[in-house]
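# Report on the structure
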Amino acid sequence: MRIKATLENYTFVLPAVAIFSVFYVIPFIWVFQLGLYDWDGISFTRSFVGLANFQEIFTQDKFWWQSMWNATYITIIALTFQNILAFMLAWACDREIKMKNFYRVIFFIPPVLSEVVVGMAWRFIINDIDGANIINRMLAGIGLGGLAHNWLSDPNTALTTVALVHCWKGFGWGFLIFLAGLQTIPRELYEAARVDGASSWQSFKNITIPLMIPVMVLVAILTVLGTMQVFVLIVSLVGGEFAGHTSVPVLRILASMRGSSRFGYACAQGITFGMILVIISFIQYRFSKKGH
Amino acid sequence: MEMKHALYYKSQKIITNTLIHVFLISVAVTCLYPLIWMIVSSLKTQDMIFKDISLIPHQFRLENYVQAWKEGGFGRNFINSSIYTVSVVFGIVIISSMAAYAFSRLRFVGSKFLFIMFMAAMMIPIPGSFVALYVLLNKLHLRNTPIGYILCMINVGLSTSIFLLKTFFDKMPKELEDAARIDGCSKLGIWWHVALPLAKPVLAVVIVFNALAVWNEYILALIIFDNRKFMPLQVALQTFQGEFVTNYPLLMAGLTITALPIILVYLFMQKYIIKGVTQGAVVG
């Protein structure tokens, strides 16, 4: 009887555990295992090379570190521009203001769209140099027509353009989380501050900001994790790595796997990148604990 | 003096509110501009697409959609995407709610360990996992098959769904289940007849988020499918662009076909999406 009951309990978790073991645990172990091999993905034989793949990443692979820098650049723009914009919008919508709901609905449309749709739609607009590209038309309007060009095919502006489209797609997340955070601040605090003669800037600085720090750290961690792993947007917006100008780590891993058929090396790159992400999130987390 | 003061404050408030609205509206317009452009362009002819730059459509070539659906092949891919989304979401709902119910209510050796494993998977990013997944699917002869893709995508959604559902079941009062047990209901019966109906609000969040994730998924579809007849829309769009570089109206029609269902689902289910985002935020 007891045995039957126990078996019955296990049947509840069996499907989940089975799928999870096959499609998560096994690949997880294999990534670490393959990272130590030189293998083209097809041959029956593969040669054990120890940590040589990692050595190559850290000492020779200039393209890898360029892609890390590119992702960091996009992340810095997302952390500053995107999150400040999201915070300002959330702050504006937290007030007694009309059409609050309308704005909230609109701002979260870009995040629900796929990166393929977003990238291709923007690519179409930006490539249309003097038609849909409204920024070019405005530049021409104020007599700076010389600056108008295709922002995506210029190596100097391609990465920044990618970063800005990424911010366009992503700010809605931060906006919603910030708004939820702002709404948990008790209104009485603001009332009390006003009675004490505090200006709105003072209550923003002394009430809103300190209470919002945990939410800001959370949004920062999510932004870093999400932005560092960006790549679909780049494929659909730029078409690929653009001779390294818009390469990012995930595109490098994909190139090692599909382009040069170096499966072991691709796994080593994946491990390196995963470790870096874990370390960054951990540091951010610790940093936020210290701040309190 | 008092009057003047009040008037000053009132006008200041009006100015601030106007500025805030200008700011919010300009961002809202920026959000909508590419979408409107995409839809308007999908209704133009190829020669008008770069000539007519107004946002008001002067042409309504709905034939573009028929062409994109049939000759562009998007009809097939649309059906694929729908099948993948429905089967993955169905699988996730059944499998994760069973597991979550067990983790919350049933006692068995290793339950804590298994739960922690699922949670760890949610936290640890493994950017290279698709390389190993590709090798695994090849070995299992599941690559380039719909079932391989569906199983992989069920796995992707499991951890978060289990977490959301377990959190809900933990807070759910036990009385109803006890009553059902006394009436002779089996554990499976209690899960199906009592726990699942009560969990409807959370299930809505689970369904909406997983549906969005599957419909928008790209990387696994890219490495799993070689054959366009199995591809979901996201990957097919890339392939289409590679083949018909210059046929912009058809591409824009394809993009609209891909984006519209998501926008509609979002507009109807936004309550659950906003709830999910804020709940997910609490999770982190």
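Turning next to the overall build of chain A. For chain A, the helix and strand inventory stands at 13 helices and two strands. The C-alpha atoms of chain A give a radius of gyration of 24 Å, which is well past the 19 Å a tight globule of 292 residues would have. Overall, chain A is about 75 × 75 × 35 Å in size when its C-alpha atoms are taken along their principal axes. Taken over 292 residues, chain A has a buried fraction of 39%. Expressed as a percentage of contacts within chain A between residues at least 6 apart in sequence, the contacts between residues at least 24 apart total 72%.

It is worth spelling out the overall build of chain B at this point. Looking only at helices and strands, chain B features twelve helices and zero strands. Listed by position from the N terminus, the elements making up chain B come as α-α-α-α-α-α-α-α-α-α-α-α. Against the compact-globule benchmark of 19 Å for 284 residues, chain B has a radius of gyration of 25 Å, which places it well outside the compact range. With respect to the three principal axes, the spread of C-alpha positions in chain B is 75 × 70 × 35 Å. Across the 284 residues that make up chain B, the buried fraction comes to 42%. Residue pairs at least 24 apart in sequence account for 74% of intrachain contacts in chain B once pairs closer than 6 positions are excluded.

The next point concerns the interface of chain B and chain A. The interface of chain B with chain A comprises 65 residues on the first partner and 70 residues on the second. Where the side of chain B that touches chain A is concerned, the elements lending two or more residues are helix 1 (2–41), helix 3 (74–105), helix 4 (111–123), helix 5 (129–139), helix 6 (146–171), helix 9 (200–216), helix 11 (233–243) and helix 12 (248–283) of chain B. A total of 15 residues in the side of chain B that touches chain A trace back to one element, the largest contributor, which is helix 12 of chain B. For the side of chain B that touches chain A, a count of residues per class yields 51 nonpolar, 13 polar and one charged.

Bringing the nonpolar core into the picture now. Counting 155 residues, the largest nonpolar core has A:V162, A:I234, B:A99 and B:V131 as its most contacted members. Here the element with the most residues in this core is helix 8 (residues 158–183) of chain A; it accounts for 14 residues. With near-sequence residues (within four places) excluded, B:A99 lies in contact with A:F12, A:V13, A:A16 and B:I162.

Residue and element names in this part refer to chain A. Relative orientation of the contacting elements helix 3 (residues 62–94) and helix 12 (residues 249–259) amounts to 150°, with a least axis distance of 8 Å. The orientation of helix 3 with respect to helix 12, classified from their angle, is roughly antiparallel. For the pair formed by helix 3 and helix 12, the contact residues are F63, W64, S67, M68 and A71 on the first element and P249, L251 and R252 on the second. Looking at the contact of helix 3 with helix 12, its residues break down into six nonpolar, one polar and one charged.

A word on the environment of B:K166. With respect to the element layout, B:K166 can be found in helix 6. We classify B:K166 as buried; it has 23 C-beta atoms within 10 Å.

Moving on, we come to the environment of B:I190. Residue and element names in this part refer to chain B. Summarising the element assignment, I190 is placed in helix 8 (residues 187–198). Residues I190 and F268, spaced 78 residues apart in sequence, show a C-alpha to C-alpha distance of 31 Å. Excluding residues that lie within four positions of it along the chain, I190 makes contacts with E177, A180, R181, C185 and A195.

Another point: the packing of helix 1 (residues 2–34) of chain A against helix 6 of chain B. Helix-helix packing: each pair is described by the crossing angle between the helix axes and the interaxial distance. It is at 9 Å that the axes of helix 1 of chain A and helix 6 of chain B come closest, and there the two elements cross at 120°. In terms of orientation, helix 1 of chain A lies oblique with respect to helix 6 of chain B. As for how helix 1 of chain A packs across helix 6 of chain B, the hand of that crossing is left-handed. Along its contact with helix 1 of chain A, which presents A:A16, A:I19, A:F20, A:F23 and A:Y24, the element helix 6 of chain B presents B:L151, B:C152, B:I154, B:N155, B:L158 and B:I162. Looking at side-chain class alone, the contact of helix 1 of chain A with helix 6 of chain B contains ten nonpolar, one polar and no charged residues.

So, about the environment of B:S11. Residue position: B:S11 is located in helix 1. When the C-alpha atoms of B:S11 and B:V194 are compared, they prove to be 58 Å apart, with 183 residues separating the residues in sequence.

This part is about the confidence of the model for chain B. Mean pLDDT over chain B works out to 89, with 96% of the residues at or above the 70 mark. Interface predicted TM-score (ipTM) for the complex: 0.90; the corresponding pTM is 0.92.

When the pLDDT values of chain A are averaged, the result is 90; 98% of them are 70 or greater. Within chain A, helix 3 of chain A carries the highest mean pLDDT (96), whereas helix 7 (residues 134–141) of chain A carries the lowest (77).

Rules used throughout
- Residues numbered from 1 in each chain as written.
- Chains lettered and ligands numbered in written order.
- Predicted model: local features only at pLDDT ≥ 70, side-chain atom pairs only at ≥ 80, totals over all residues.
- Helix = DSSP H or I, 4+ residues; strand = E, 2+ residues; numbered from the N terminus.
- Rg over C-alpha atoms; globule rule 2.2 N^0.38 Å.
- Buried ≥ 20, exposed ≤ 12 C-beta atoms within 10 Å, placed from the backbone.
- Contact = placed C-beta atoms within 7 Å.
- Nonpolar A, V, L, I, M, F, W, Y, C, P; charged D, E, K, R; others polar.
- Core = buried A, V, L, I, M, F, W, Y, C linked by C-beta atoms within 7 Å.
- Axes fitted to C-alpha atoms, helices over the stretch in contact; angles between N-to-C directions.
- Parallel < 35°, antiparallel > 145°, perpendicular 65-115°, else oblique.
- Left-handed = near helix turned anticlockwise from the far one by under 90°.
- pLDDT = per-residue confidence, 0-100.

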